[in-house]
Amino acid sequence: MRSSSTRRFSRHFHAALLLFVFVSCAALSTSARADAVTDWDVIAFKIVEDSGKTGPATSCDIAMAHVAMHDALNAIDRRYNPYAYDSVAPRGASPVAAIAAAAHGVLVGRIPNQKTALDAALASALAAVPEGKAKADGIATGQAAAAAILARRATDGANVVTPYTPGVEPGVWRPTPPAFTAAIGAGFGRVRPFTLTSSEQFGPPPAAYFDLRSPEYTADYKEVKRIGGGASKARTAEQTKIARFWYETSPGVHIRLARDLVGAQKLNLWDSARLFALLHLACADSLIAGYGVKYRYNFWRPVTAIRDGANDGNPQTIGDQKWNSYLETPSHPEYLSLHAVLAAAWAEVLCRFFGTDQFSFTVTSAAPYPGIKRSFRSFSQSAQEAADSRVYAGIHFRTSCSDGLAIGRKIGEHVFSNFLRPMYDDYLQDARYDDYITSSKR
C-alpha cells in the first residue's frame, strides 16, 4: 500500500497535469470579460427592489437567475458541472447573449410585473452582440437554461404565505416595538432548498439558553442589555459604528464585495458566473435553514425579554420596561441570527473559491447608514464582525450569533463541495484546497 505522502504527491502531480491541460484548452475558448454576469447581478437586485416584492423569497429569484447564467455558459463551454440545464449549445454560441437571455428569462418568470424594465435591459445587452447565428444560438441557450431552472423550482413553495400566531408566554416571540409588525418569513423554512436535503440538515439542537433560568441565558441577557440598548453607555463608538455598518439588509455588504472581487481578480465569465451562483445558492439555503430554525423555536427578542424580565422566572435577569434596542428589531423570531448564518456561509464560499481566508479588503456601507468604511484582513473576520454587530445593535443574543456562524460555515462548505464543481475534478479541487481546508478548520 502506498504511504499517505506518496498518495498526496500523486494527487498533486495529477492535479498539476490536469490544470495544465485545462488552462491550455481554456486559452483556446472564447474569451469574455466578467462584466456581463456582474451587470445582471446588479439588474436582478434593482428589479427586485422596484417590483415591491419583499421577504426571503427574493433570494430564490436571484439564485435562480444566477444558476441559469451559469448553466447557459457551461452549455457553451463545459468548465463546471451544471445545476439544472445539462445540454450542449451549438458551436460558437455567444456567451453574452446566453447570459442576458438566461437572467431575463428567469426574472420575467418570477417577477412578471417588471417585464418592461427587463425587456429594456435585455435589448440593451443584446445590442452589443453582432447579429447572426452566434447571437441567435446564445439567446436560445439562455432561454433553455432559464426554462430548466424555472421548471425545477415551479413548486418550491417560495411564494406561499403561511399564517402565524405569536405566543404570549415567557420566552416565546411576539411582535416588537416600535411598529409591532406581524411576523415575516413564517413559512420560508418549508421552502424546498436548492442544495440541502431539508432546512434541518445542519440542525442545530435546542440551545441551552432556551431555558430562561440557565447560566447561558442569564449571561446573554446581561450582555445585550448592557451594550445593546438605545441608551447604553457601555457600547463603544467602534461597536456603534459596527452595528450601523452591518444593519443593511443582508447580503448587501457581501454582494458588493463579490462584485468588487470579480473585477479586482479579473475573473472570466465562467468563473464569475460560478462564484455568484455558489454565493446565491448559499444565500437562499441559509435563509431557508435560518427561517426554519426561527419558527421551530420561536424564541423572543431581547427587547421583549428585557421588558418582561420580571416575569421570566429568573431572579438574575432584572427587567426594564423602558429598554429599547439600539437599532430597530426585525419582525421575526430571534434564534438564529440570519446575519450570522449568511455572513459565515458567504465567507466560507469565498475562502474556498479563492483558496485562502487571508484576503484584505475594504467595503463601504449602503442605506440605511451609508458611507461607513470597514476594512478586514480575512473573510472569516468579516463574518465574525457581522455576527457581533447584532449584539451591539441589541437585536440578538450572543448564542444566536455564535450558533448562526457555525451553521453558516457548514452550509457554505456543503454548497461549495457538492455543487458546480470543476469538470477537471476531483484531483485538482482536492489538491488546490487540501492545505487550506486542513489549516482553516475552526
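Everything below is about the structure printed above this text.
All values reported here derive from a predicted model rather than from experimental measurement.

### Section: the overall build of the chain
- A tally of helices and strands in the chain yields 15 helices and two strands.
- When contacts within the chain are restricted to residue pairs at least 6 apart in sequence, long-range pairs at least 24 apart make up 81% of them.

### Overview of the state of the cysteines
- All told, the structure shown has zero disulfides when counted by the stated rule.
- Take C60: it sits in no disulfide, and the sulfur closest to it among the cysteines is that of C283, at 9.0 Å.
- The exposure class assigned to C283 is buried, which follows from its relative accessible area of 4%.

### A look at the nonpolar core
- In terms of nonpolar packing, the biggest core is built from 129 residues, with W40, F188, Y217, L275 and F379 touching the most fellow members.
- Considering every element that reaches this core, the biggest residue donor is helix 10 (residues 269–297), with 18 residues.
- Among residues more than four places away in sequence, those in contact with L275 are V262, L267, V349, L350, F353 and F354.

### Quick look at the packing of aromatic side chains
- Counted according to the given criterion, the structure contains 27 aromatic pairs.
- Between the aromatic rings of Y209 and F299, the centroid separation amounts to 4.9 Å while the plane-to-plane angle is 55°, which identifies the pairing as tilted. Of this pair, Y209 sits in the loop between helix 6 (133–152) and helix 7 (215–227) while F299 sits in the loop between helix 10 and helix 11 (302–307); the two residues are 90 residues apart in sequence, bridging distant segments of the chain.
- Residue Y209 is classed as buried on the basis of its relative accessible area of 0%.
- Ring geometry for Y217 and F299: centres 6.1 Å apart, planes at 85°, overall edge-to-face. Pair noted here: Y217 is in helix 7 and F299 is in the loop between helix 10 and helix 11, with a separation of 82 residues, a long-range link.
- Taking the relative accessible area as the measure of exposure, Y217 reaches 0% and is therefore buried.
- Three or more aromatic residues link up through ring pairs in this structure, and these residues are Y209, F210, Y217, Y221, Y297, F299, Y335 and F397.
- In this structure, R152 packs its charged tip against the face of Y83, placed 4.4 Å from the ring centre.

### Quick look at the environment of S232
- As for its position among the elements, S232 is in the loop between helix 7 and helix 8 (237–245).
- Measuring from C-alpha to C-alpha, the distance between S232 and N324 comes to 9.7 Å, with 92 residues separating the pair along the chain.
- Leaving out residues up to four positions away in the same chain, S232 has contacts with R226 and I227.
- A polar contact is formed between the side chain of S232 and the backbone nitrogen of A234, at a distance of 3.1 Å.

### Structural notes on the pattern of salt bridges
- The final tally for this structure, using the stated rule, is 20 salt bridges.
- Residues R374 and E238 are paired through a salt bridge, measuring 2.8 Å at the closest nitrogen-oxygen approach. Of this pair, R374 sits in strand 2 (residues 373–378) while E238 sits in helix 8, and the two are 136 residues apart along the sequence.
- By relative accessible area, which is 40% here, E238 ends up partly exposed.
- Overlapping salt bridges bring together K53, D61, R110, R153 and D156 as one network.

### Brief notes about the side chain of D41
- Here D41 lies in helix 2 (residues 35–51).
- On the accessibility criterion, D41 (0% relative accessible area) is buried.
- Apart from the residues lying within four places of it in its own chain, the contact partners of D41 are H66, I255, R259, F276 and H280.

### Here we look at empty space enclosed by the protein
- Applying the stated criterion across every chain yields a total of two cavities of 30 Å³ or more.
- Within this model, the largest cavity holds a volume of roughly 50 Å³.
- In terms of lining, the largest cavity is formed by W246, E248, S250, P251, G252, V253, H254, H339, A343 and A386.
- If you list the elements that add at least two residues to the lining of the largest cavity, you get helix 9 (252–264) and helix 12 (338–354).
- For the lining of the largest cavity, the element with the highest residue contribution is helix 9, accounting for three residues.
- Residue composition of the lining of the largest cavity, by class: five nonpolar, four polar and one charged.

### A word on unusual backbone geometry
- Residue P178 is bonded to the preceding P177 through a cis peptide linkage, with omega at 5°.
- Phi at F180 is positive, roughly 50°, even though this residue is not glycine.
- Position of F180 relative to the elements: it lies in the loop between helix 6 and helix 7.
- A residue is classified by how much of its surface remains accessible, and F180, at 47% relative accessible area, is partly exposed.
- A positive phi is found at K266, a non-glycine position, where the angle reads about 55°.
- Take K266: it is sitting in the loop between helix 9 and helix 10.
- By relative accessible area, K266 is classed as exposed at 72%.

Parameters at a glance
- Residues numbered from 1 in each chain as written.
- Predicted model: local features only at pLDDT ≥ 70, side-chain atom pairs only at ≥ 80, totals over all residues.
- Heavy atoms only, no water.
- Helix = DSSP H or I, 4+ residues; strand = E, 2+ residues; numbered from the N terminus.
- Contact = heavy atoms within 4.5 Å.
- Disulfide = S-S within 2.5 Å.
- Buried < 20%, exposed > 50% of the residue type's maximum accessible area, 1.4 Å probe, protein only.
- Core = buried A, V, L, I, M, F, W, Y, C linked by side-chain atoms within 4.5 Å.
- Phe/Tyr/Trp six-rings, centres within 6.5 Å; stacked < 30°, edge-to-face > 60°.
- Lys NZ or Arg CZ within 6 Å of the ring centre and 35° of its normal.
- Polar contact = N/O pair within 3.5 Å; in protein donor to acceptor, adjacent residues only side chain to side chain.
- Salt bridge = Lys/Arg side-chain N within 4 Å of Asp/Glu carboxyl O.
- 1 Å grid on protein atoms, 1.4 Å probe; cavity = no way out; pocket = protein on both sides within 12 Å on 5 of 7 lines; lining within 4 Å.
- Points joined across faces, edges and corners; volume = space filled by probe spheres on them.
- Nonpolar A, V, L, I, M, F, W, Y, C, P; charged D, E, K, R; others polar.

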